[in-house]
There are 2 protein chains.
Amino acid sequence: MKELELLQNVDTAINFTDNIDKEIELTGQVSNIRILGWGAFIILRTPRYTIQTVADKNSVSLDLSTIAVESTVKVRGVVKNSNIKDISIYPRDIEISLNYIETISAPSISPLPIDTTKKELNISLETQFDLRPLSLRHPKLRSIFKISAAIFNEFGNFLTNNGFTRICSPKIVFSGAEGGANIFNIDYFNKKAFLAQSPQFYKQMMVGVFGRVFETGPVFRAEKHDTSRHLNEYISLDIETALSGGFEELVQIESAVLNSIFSKMKETCKYEIDLLNIEVPEITKIITYKFNEIKEIIFQEYKKDFRGENDLCPEEERLISKFVKEKHNSDFVFVTHYPTEKRPFYAAHDPSAPKESLSFDLLFRGLEITTGGQRLHRYEDYIAKMSKLGMNVESFESYLQCFKYGMPPHGGLGLGLERLTSLLCNLSNVKEASLFPRDVNRLEP
Amino acid sequence: MKELELLQNVDTAINFTDNIDKEIELTGQVSNIRILGWGAFIILRTPRYTIQTVADKNSVSLDLSTIAVESTVKVRGVVKNSNIKDISIYPRDIEISLNYIETISAPSISPLPIDTTKKELNISLETQFDLRPLSLRHPKLRSIFKISAAIFNEFGNFLTNNGFTRICSPKIVFSGAEGGANIFNIDYFNKKAFLAQSPQFYKQMMVGVFGRVFETGPVFRAEKHDTSRHLNEYISLDIETALSGGFEELVQIESAVLNSIFSKMKETCKYEIDLLNIEVPEITKIITYKFNEIKEIIFQEYKKDFRGENDLCPEEERLISKFVKEKHNSDFVFVTHYPTEKRPFYAAHDPSAPKESLSFDLLFRGLEITTGGQRLHRYEDYIAKMSKLGMNVESFESYLQCFKYGMPPHGGLGLGLERLTSLLCNLSNVKEASLFPRDVNRLEP
């Protein structure tokens, strides 16, 4: 038997201010080394920092020319005030003057296939993805996923603090799933099963249990097209809640969630915001346009006639965002009252205008990042709607039971983590916001 | 165009103390109604509360006998001090004296197939799972998932606050996955793909990027046996981190994470802890035994000889926990130095005793809830080990590249959310801690 020490603090944060002119020990990976006549600048990457160390060749016993980029090294040195300009370094107000350096482990090959010490990687996306375990070590690529993690975390914390319960719905689902062609098949103990395209049915069922729920998990879409807007596996940030007013409560909840995410980002991601040159937005007013109304405006303003179409195309989404930015100085616009026939069978419609659904999309900087809306909540309404659409009601039995047992009026929305991250980080392809993107051609790494 | 009001507060929390003797409005589901001569007690379920309302039949215009359990109602009434004994009600120091009640929606059938108003459901697990959208509305079943959500949330928050970065690894994985028979196959655009059994490879790759990472996501195991300890889909709480000491750092990190989860539970789940009669544990000392050492002790203490076996069986796990509880008054014991041959190929071993791996299992109240350990980190060690085991190195190329590019010594662990939840809540079957369990026979709801 051995008793280990209980640690209150498992953090590796260092209070540099209290350690000026004192010696500290650090272990990290060498993200860059610049050898000069007198010694070297060695940039160390740790979980908290990308820190500058300075090694005078006469002060350390290790031959500096033997230190390879991406080695893990242990160093000891004295904390000194500094004023570093390079924004890929954090913190920039101190540096470590080394007394000791030791290599713990080193790459097996030299040179590495790409040079992660450059300010910009400048390689093709395919090479970047093929070499993901290395390319992600580049400061700019890492920063994208720090932003992504901050969004994921604050989404959950804001909702938890506001009375929502986190749920985890199954990703292996039964035959009555939302369906369509875009679904992956699984062999489940010789039964037919599918990968969940969304937690939709489950989050609705859970509104009957908890009233307000959210989920942060993967969803799977077997879409064959390979575009800069789509992933075949992505993280969906999902909300579903009982509504005491109309579906517009959802628009207000989403605006509050997003503002909370943005202010948390400003607080915890200062380094990444600087490095990626991100303009963190804020929803200062909630602008909504009805679907038909904005189509008419786009026709009048830009002489582009999409009025006959039952959906918004990418060009139209860009024009709507442009219009709203110019007219209202807003990066965000909620387009409401989509045609009922373009929404899924569970979408609620306006009783006085059945062709208009009580739903919305949120466009941010020209791209749709959210679809949401009120759902039907009466069992009879589901049976009528599904029968009208020629759906096989029986195969949805396990889902429909919740409506039989009584459900409050409710609605919800889904927010694509990678889409939001990529727009915030000014990425041209949503795949850049996925650690290991999955598309029609890519399953590895 | 319509501009909606921006809300700072989307919470539905009510400050009852400031509203004593004042009228408030509430919407919720009727979780119970008890009709008496003078009127009725109606228990309302909202996202925050399970609250008692009192309706004098002369004070409200609605015929109380028309109100069905699981209806959604809107009420107005005056907040009164109270002293309620029933621990399924929260808060218990106030009740609402109703002036108005209106039914918003109601179940479509009567009676409901099970009676969720009883103190205990007393139905078989299979019925409970078949009727999940209804059975989960029972206060005790809901509480299980409030506890589960609290664990999930605090796991992420504690690690984020301690310098770990949240990652989201893909669940659709390539052919070189960890393998074995227990893996689900997917048809991925006519290519062979699999559902991830763990985020193992990805979290290791990400240690090269962020140093310390964690993930909270589903994993999939195609295990054919149907036991009270296994799920075919569950939530894995995963940690992976660079190590500057030995693998025992992981034991210390996990102890700190668990203690943080337990104290957060005590803070935010008072109602659920009372209702489920939970004894919230605490790790007050970290007890570790080597695998061979504890086997010998179990033999000496209980005359049970498992010394020839290379793993721990369920009975042995129970005896070890019993021994540690009696000897050290600890609910937790870390069993270290498992035989290397029982650990996966990536497990690191003690250089001076290669048959002993630098790994551990955590047993809690008789059940293993965590497996963890240090990993190999040198490319050459992987090639040697995999060759020795006769593995096809080429099919792991995209994983092995991270070791080629240089990796720090590192290790990690995985914690099953449902196992931890079920042990904390004294459930006899881990499936009870899954909202929608998946097993060999069950794909629905």
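No experiment lies behind these values; they were computed from the predicted model shown.

A separate point is the overall build of chain A. What chain A contains, in helices and strands, is eleven helices and 19 strands. On the principal axes, the C-alpha backbone points of chain A span a range of 85 × 65 × 40 Å. When the 445 residues of chain A are sorted by exposure, 61% land in the buried category. Put simply, of all contacts in chain A between residues at least 6 apart along the chain, 66% involve residues at least 24 apart. Of the accessible surface of chain A, which amounts to about 17,300 Å², a share of 46% is contributed by carbon and sulfur atoms.

A word on the pairing of strand β16 (residues 353-357) of chain B. All names here are of chain B. Pairing analysis gives two bridges linking strand β15 (residues 349-350) to β16, with the strands arranged antiparallel. In the strand pairing of β16, His349 is matched with Ser357. Counting the residues in the hairpin turn of β15 and β16 gives two residues.

Turning next to the side chain of B:Arg45. Note on placement: B:Arg45 falls in strand β3 (residues 39-45). Among all residues touching B:Arg45, those that are not within four sequence positions of it are A:Gly208, A:Val209, B:Gly28, B:Gln29, B:Ser31, B:Thr50, B:Glu70, B:Arg137 and B:Arg142.

What follows deals with the confidence of the model for chain A. Close inspection of predicted coordinates is inappropriate in any region flagged by low pLDDT. When pLDDT is averaged along chain A, the result is 96, and 99% of the positions lie at 70 or above. Both scores are available for the predicted complex, with the pTM at 0.97 and the ipTM at 0.97.

What follows concerns the packing of helix α3 (residues 139-161) of chain A against helix α11 (residues 417-424) of chain A. All names here are of chain A. Viewed as axis vectors pointing N to C, α3 and α11 meet at an angle of 130°, and their least axial separation amounts to 10 Å. What the angle tells us is that α3 and α11 run oblique. Relative to α11, α3 is oriented so that their crossing is right-handed. Seen from α3, the contacting residues are Ile144, Ile147, Ser148, Ile151 and Phe152; seen from α11, they are Leu417, Leu420, Thr421 and Leu424.

Inspection of every chain in the model, using the stated rule, returns 60 salt bridges over all chains. The salt bridge partner of B:Asp130 is B:Arg442, with a shortest N-O separation of 3.0 Å. In this pair, B:Asp130 sits in helix α1 (residues 125-130) while B:Arg442 sits in the segment after α11 (417-424), placing the two residues 312 residues apart along the sequence. We classify B:Asp130 as partly exposed; its relative accessible area is 41%. Put simply, B:Asp439 and B:Lys431 hold a salt bridge, and the shortest N to O gap is 2.8 Å. Taken as a pair, B:Asp439 and B:Lys431 share a single burial class, namely buried. What emerges from the salt-bridge pattern is a single network uniting A:Lys203, A:Asp238, A:Glu240 and A:Arg375.

Each partner contributes residues to the interface: chain A has 124 residues there, and chain B has 124 residues. When chain A packs against chain B, close to 10,200 Å² is buried across both sides, 61% of that on carbon and sulfur atoms. Together, A:Met1, A:Phe189 and A:Tyr405 form the three largest contributors to the area buried by chain A at its contact with chain B, with a combined 8%. Seen at the junction of chain A and chain B, the total is two salt bridges. For the pair chain A and chain B, the interface holds 63 residue pairs in polar contact (both at pLDDT 80 or more). A per-class count over the side of chain A that touches chain B returns 62 nonpolar, 32 polar and 30 charged. Sheet topology note: the strand β1 (residues 2-4) of chain A/strand β13 (residues 286-290) of chain B ladder contains three bridges and is antiparallel. By the bridge assignment, A:Lys2 is partnered in β13(B) with B:Thr288.

This part is about the relation of the copies chain A and chain B. Superposing chain A onto chain B requires a rotation of 180° together with a translation of 0.0 Å along the rotation axis, leaving an RMSD of 0.0 Å. The operation mapping one copy onto its partner corresponds to a two-fold rotation axis. Taking C-alpha positions as the reference, the residue of chain A nearest the rotation axis is A:Ile186, at 2.4 Å. A symmetric contact is evident, with 100% of the interface residues of chain A recurring at the interface of chain B.

All names here are of chain A. If you walk around this closed barrel you meet the five strands as β2-β3-β4-β6-β5, and the pairing is mixed. Averaged over all neighbouring strand pairs, the angle between strand axes comes to 55°, with direction disregarded. Here strand β2 (residues 23-36) runs beside strand β5 (residues 72-81); their pairing, made up of seven bridges, is antiparallel. In the strand pairing of β5, Leu26 is matched with Val75.

In this section: the sheet that holds strand β2 (residues 23-36) of chain B. All names here are of chain B. Pairing is mixed in the closed barrel, where five strands are placed in the order β2-β3-β4-β6-β5. Each adjacent strand pair in this sheet contributes to an overall mean axis angle of 55°, direction not counted. As paired strands, strand β4 (residues 50-56) and strand β6 (residues 94-105) are joined by two bridges and run parallel to one another. Each residue of the ladder has a partner; that of Thr53, found in β6, is Ile96.

This part is about the packing of helix α4 (residues 200-210) of chain B against helix α10 (residues 397-404) of chain B. Residue and element names in this part refer to chain B. In the contact formed by α4 and α10, the axes pass within 9 Å of each other and the chain directions differ by 25°. It follows that α4 is roughly parallel to α10 by the angle criterion. The two elements α4 and α10 cross, and the hand of that crossing is left-handed. Every residue of α10 that contacts α4 at Phe201, Gln204 and Met205 is listed here: Ser398, Tyr399, Cys402 and Phe403. For the contact of α4 with α10, the class distribution of residues is five nonpolar, two polar and no charged.

Once that is clear, we can look at the domain arrangement of chain A. Residue and element names in this part refer to chain A. As far as domains go, chain A holds domain 1 (17-105) and domain 2 (139-433). For domain 1 versus domain 2, the separation of C-alpha centres amounts to 45 Å. Between domain 1 and domain 2, the contact holds nine residues from the first and six residues from the second. Contact between domain 1 and domain 2 buries roughly 570 Å² in total, counting both sides, with carbon and sulfur atoms accounting for 55%. For the pair domain 1 and domain 2, the number of links is one salt bridge. Close ionic contact of Asp274 with Arg92 constitutes a salt bridge, the shortest N to O distance being 3.5 Å. The interface formed by domain 1 and domain 2 holds one residue pair in polar contact (both at pLDDT 80 or more) in total. In terms of residue class, the side of domain 1 that touches domain 2 is built from four nonpolar, three polar and two charged.

Definitions and limits used
- Residues numbered from 1 in each chain as written.
- Chains lettered and ligands numbered in written order.
- Predicted model: local features only at pLDDT ≥ 70, side-chain atom pairs only at ≥ 80, totals over all residues.
- Heavy atoms only, no water.
- Helix = DSSP H or I, 4+ residues; strand = E, 2+ residues; numbered from the N terminus.
- Buried < 20%, exposed > 50% of the residue type's maximum accessible area, 1.4 Å probe, protein only.
- Contact = heavy atoms within 4.5 Å.
- Areas by Shrake-Rupley, 256 points an atom, 1.4 Å probe, with all protein chains shown as cover.
- Pairing = 2+ DSSP bridges.
- pLDDT = per-residue confidence, 0-100.
- Axes fitted to C-alpha atoms, helices over the stretch in contact; angles between N-to-C directions.
- Parallel < 35°, antiparallel > 145°, perpendicular 65-115°, else oblique.
- Left-handed = near helix turned anticlockwise from the far one by under 90°.
- Salt bridge = Lys/Arg side-chain N within 4 Å of Asp/Glu carboxyl O.
- Buried area = accessible area lost by both parts, 1.4 Å probe.
- Polar contact = N/O pair within 3.5 Å; in protein donor to acceptor, adjacent residues only side chain to side chain.
- Nonpolar A, V, L, I, M, F, W, Y, C, P; charged D, E, K, R; others polar.
- Least-squares fit on C-alpha atoms with pLDDT ≥ 70 in both.
- Domains from an automatic or database assignment.

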